[in-house]
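Remarks on the overall topology
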Amino acid sequence: MTPSRMLLQTQRSFAARLLEGKAKGTSPDELCVDALRFGVHAHNTRVSLRKAVENVYPVTRRLVGADFFTTMADQFVAHHPPSHGWLSAYGTDFADFVAQYRPAADLGYLADVARIEWARARAAKAPDAPGLDLTALARMDPSALEGLPLSLHVAASLVYSPFPAFDIWRAHQHNSGDDEQLAQIDLAIGPQTTLVSRPAALEVGVALLGPGDAAFLSALAEHSRFGAAYQAAVLEEADYDLASRLGDLVCMRALATFIA
Amino acid sequence: MNRPIVGTIGMESSHRNTSPVHERLRGQTVMGLENSVGIGLRTSHCERFLDQNTPPPVIWLEVLAENYFDRGGIRHKMLCMIAERYPISVHGVALSLGSPEGLDSEHLDRLASLVADVSPCLVSEHLAWSRSGDVYYNELLPLPLTDETLDVVCANIDRTQDRLGRTILVENPSGYLEFEQSTMSEAMFLTRLTERTGCGLLLDLNNLFISGFNLGIDTAEWLAAVPADAIGEIHLAGHEHGGTADHPLLIDTHGAAVTDEVWALYATALNRFGPRPTMIEWDSDVPSLEVLLKEAARAQRIIDQVLAA
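This report concerns the structure included in the present document.

Procedures and definitions
Residues numbered from 1 in each chain as written. Chains lettered and ligands numbered in written order. Predicted model: local features only at pLDDT ≥ 70, side-chain atom pairs only at ≥ 80, totals over all residues. Heavy atoms only, no water. Helix = DSSP H or I, 4+ residues; strand = E, 2+ residues; numbered from the N terminus. Rg over C-alpha atoms; globule rule 2.2 N^0.38 Å. Contact = heavy atoms within 4.5 Å. Areas by Shrake-Rupley, 256 points an atom, 1.4 Å probe, with all protein chains shown as cover. Salt bridge = Lys/Arg side-chain N within 4 Å of Asp/Glu carboxyl O. Buried < 20%, exposed > 50% of the residue type's maximum accessible area, 1.4 Å probe, protein only. Pairing = 2+ DSSP bridges. Buried area = accessible area lost by both parts, 1.4 Å probe. Polar contact = N/O pair within 3.5 Å; in protein donor to acceptor, adjacent residues only side chain to side chain. Phe/Tyr/Trp six-rings, centres within 6.5 Å; stacked < 30°, edge-to-face > 60°. Expected span 1.5 Å × (residues − 1). Axes fitted to C-alpha atoms, helices over the stretch in contact; angles between N-to-C directions. Parallel < 35°, antiparallel > 145°, perpendicular 65-115°, else oblique. Left-handed = near helix turned anticlockwise from the far one by under 90°.

With that settled, the discussion passes to the overall build of chain A. Helix and strand content of chain A: 13 helices and 3 strands. Over its C-alpha atoms chain A spans a radius of gyration of 23 Å, topping by over 25% the 18 Å that the globule rule assigns to 260 residues. Once local pairs closer than 6 in sequence are excluded, the contacts in chain A between residues at least 24 apart make up 67%. When the accessible area of chain A is evaluated, it comes to approximately 12500 Å², of which 53% is carbon and sulfur surface.

Written as structure tokens, this is what we have:
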């Protein structure tokens with residue numbers, strides 16, 4: 001082995017065992033390092049990465065309890081370790097992991113609550129870009145409005161759930177009485193679409209959308225033009241009042257500025 | 001409010017010139033901070049530092065660089081506001097200076113953006129690795145101290161300093177294990193780094209104490225061996241007892257008060273090096289701001305005693 005390859009090989013051997021999650025005492029034999037001492041690094045690695053996941057998903061954790069979450073997050077970390085040293089990007093695929101995590105299979109809403117939590121983290125780290133300016137929209141030639149390509153603001157996300165995921169998320173903001181609150185939510189009340197956005201520079205907003213707003217924004221998210229998105233909203237909500245709804249959505253900074 | 005004294009010296013890229021290392025570092029000393037104590041900025045205290053009416057009485061603040069890597073995000077915006085009122089020290093924990101695979105370019109770019117945004121008084125990183133292949137391990141992992149490792153770390157420091165246009169401080173890690181391949185002591189390794197790259201050192205006395213206990217490093221010898229003028233900052237933190245009854249280890253937790261032994265080591269270090277910007281590092285189980293300020297005040301008293309002597 002050439003000298004320049006030795007450090008590389010040492011680190012690969014070391015790294016290969018860090019996330020194995022076996023009992024203390026496992027260490028890479030070829031490195032001749034003490035198992036107990038290696039275990040300190042392995043423990044720190046696993047716990048710190050799990051905590052990084054916990055920080056983003058406190059409501060998901062409350063819904064399943066600390067022990068269940070620890071086991072689930074440890075498995076996520078072992079199979080989806082981060083690839084960059086800034087952890088704000090870490091955990092983006094946790095909700096998908098939760099969705100296929102067998103022990104949580106009977107908690108259909110859990111992954112959607114996790115998606116709301118990820119959307120919040122995403123909104124918080126997004127650039128503080130300006131949102132849609134209604135006066136600019138008002139100045140436009142009405143004939144051009146129909147074909148206007150509006151899009152969601154860079155910090156905004158829509159989370160669709162066949163469950164009342166927003167109600168569940170909102171009911172579990174604090175630790176006390178959570179179980180009772182979950183019992184009071186009728187899981188059969190039907191789907192909810194949640195808007196997560198950055199209404200102000202230092203603020204993340206989470207709002208439950210009515211059916212018209214949900215259809216309007218979902219259509220825009222799928223690259224429909226302004227006119228088609230409005231038609232989608234009217235299909236869901238016959239008396240959809242676009243002028244007043246646009247005002248609210250602009251306040252939430254749900255929409256991006258456009259280039260006329 | 002009165003803006004605390006801040007030096008912006010250190011922005012110039014002077015590490016390439018050929019004057020002796022200590023001369024170069026002296027030019028980078030942050031005016032007015034040598035005799036002062038900072039604390040770590042923690043999320044739970046951010047609003048206190050944004051309060052215009054009663055800003056907490058701290059001279060400077062240190063931030064974990066990677067927490068502010070999303071330009072325009074809420075954390076980054078808050079930091080930029082705080083940076084208008086307090087000098088900021090940027091402390092990286094994840095650059096992986098010990099990676100023979102080289103540095104993550106995007107990481108370095110984001111660090112450079114942060115440095116451009118907050119014009120920090122100090123920038124520091126660790127003698128460690130934390131990345132291998134495509135995986136980041138979020139832990140400061142140990143290096144065999146060999147000539148090969150020295151070449152790798154020097155190349156990575158050179159690249160960092162070139163990109164940032166300034167010198168950085170490199171911190172001694174908490175030691176839990178040693179490699180049989182090592183051919184030099186940590187103090188010698190760090191000294192060579194300063195000689196070859198012009199970098200300074202961040203002396204973490206809690207880490208040194210832990211390495212002393214866990215690895216049998218003679219802390220007095222260590223302090224005598226490193227170049228005094230290269231020390232640009234000192235860290236103080238707490239630790240906990242771990243390992244087993246038969247094989248006790250000290251564990252670096254940054255989650256407790258500074259211990260009496262580390263305070264004693266601090267007095268010893270200041271008597272040898274003179275006062276240095278000192279930072280209370282407490283980033284897990286973060287206590288109230290008042291507890292951090294009390295720890296800072298204790299460090300300040302020791303600095304004042306050394307100055308009066």
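Our next topic: the overall build of chain B. Of regular secondary structure, chain B possesses 10 helices and 12 strands. Across chain B, contacts joining residues at least 24 apart in sequence account for 78% of those joining residues at least 6 apart. Surface exposure of chain B reaches about 11700 Å², of which carbon and sulfur atoms provide 51%.

Checked against the element boundaries, A:R102 lands in the loop between α5 (94–99) and α6 (110–125). Taking the C-alpha atoms as reference points, A:R102 and A:M72, 30 residues apart in sequence, are found 10.0 Å from one another.

Moving on to the pattern of salt bridges. Under the defined criterion, the tally for this structure stands at 19 salt bridges over all chains. The partner of A:R17 in a salt bridge is A:E20, and the shortest N-O contact between them spans 3.8 Å. A residue is classified by how much of its surface remains accessible, and A:E20, at 35% relative accessible area, is partly exposed. B:D260 serves as the salt-bridge partner of B:R298, at 3.7 Å between the closest nitrogen and oxygen. Highlighted residues: B:R298 in helix α10 (residues 289–308) and B:D260 in helix α9 (residues 260–273), separated in sequence by 38 residues. On the basis of relative accessible area, B:D260 is assigned to the exposed category, the value being 57%. Through salt bridges with shared partners, a single network forms among A:D96, A:D112 and A:R115.

This paragraph deals with the pairing of strand β9 (residues 231–237) of chain B. Residue and element names in this part refer to chain B. Burial analysis of β9 places 6 of its 7 residues in the buried class, the great majority of the element. In this structure, strand β8 (residues 200–204) lies alongside β9, joined through 4 bridges in parallel fashion. Across the sheet, residue L202 finds its bridge partner in β9, namely E233. For β9 and strand β12 (residues 278–281), the ladder comprises 4 bridges, and the chain directions are parallel.

Between chain A and chain B, the contact holds 43 residues from the first and 49 residues from the second. Taking both partners together, chain A and chain B bury about 3700 Å²; carbon and sulfur atoms supply 64% of that area. The tally of links from chain A across to chain B stands at 15 residue pairs in polar contact (both at pLDDT 80 or more). Take the side of chain A that touches chain B: its biggest share by element is 12 residues, from helix α1 (residues 3–18) of chain A.

Right, let's get into the packing of aromatic side chains. All names here are of chain B. As enumerated under the stated definition, the model contains 19 aromatic pairs over all chains in all. Consider the rings of W263 and Y266, whose centres lie 6.3 Å apart with planes at 65°: the pair is edge-to-face. Placement of the pair is W263 and Y266 together in helix α9, with a separation of 3 residues, close to one helical turn. With a relative accessible area of 3%, W263 lands in the buried category. Under the relative-accessibility criterion, Y266 is labelled buried at 0%.

The next thing to look at is helix α2 (residues 35–56) of chain A. Its 22 residues give α2(A) an end-to-end C-alpha distance of 32 Å, which sits within 8% of 32 Å, the value for a rise of 1.5 Å per residue. Measuring from the side-chain oxygen of the N-cap residue of α2(A) to the backbone nitrogen of A:L36 gives 3.2 Å; that N-cap residue is A:D34.

Residue and element names in this part refer to chain B. The strand order around the closed barrel built from 8 strands is β1-β2-β3-β4-β7-β8-β9-β12, with neighbouring strands paired in parallel fashion. Going across the sheet, the axis of each strand differs from the next one's by a mean of 30°, ignoring polarity. Pairing between strand β7 (residues 169–171) and β8: 3 bridges, direction parallel. Bridge assignment links V170 to a residue of β8, and that residue is L201.

Residues and elements named next belong to chain B. As a packed pair, helix α4 (residues 105–118) and helix α5 (residues 147–164) sit with axes 9 Å apart at the nearest point and diverge in direction by 40°. Classed by the angle they form, the pair α4 and α5 counts as oblique. In terms of crossing hand, the pair formed by α4 and α5 is right-handed. Each of S105, L108, D109, L111, A112 and V115 in α4 lies in contact with α5, whose residues at this interface are R159, T160, R163 and L164.

Most of strand β6 (residues 135–141) of chain B sits out of view: 6 of its 7 residues are buried. Hairpin remark: strand β5 (residues 129–132) of chain B followed by β6(B), antiparallel, with 2 residues in the connecting loop; positive phi at B:G133, about 60°.

Let's shift gears to the environment of B:F209. Residue and element names in this part refer to chain B. When you line up the elements, F209 lands in helix α7 (residues 205–215). Counting along the chain gives 113 residues from F209 to S96, while the straight-line C-alpha distance between them is 23 Å. Setting aside anything within four residues of it in sequence, one finds F209 in contact with T219, H239, L250, E261, V262 and L265.

Glancing now at unusual backbone geometry. One non-glycine residue, A:R253, adopts positive backbone phi at about 50°. Along the polypeptide, A:R253 turns up in the segment after α13 (242–251). Positioned with a positive phi, B:N138 is a non-glycine residue whose angle comes to about 55°.

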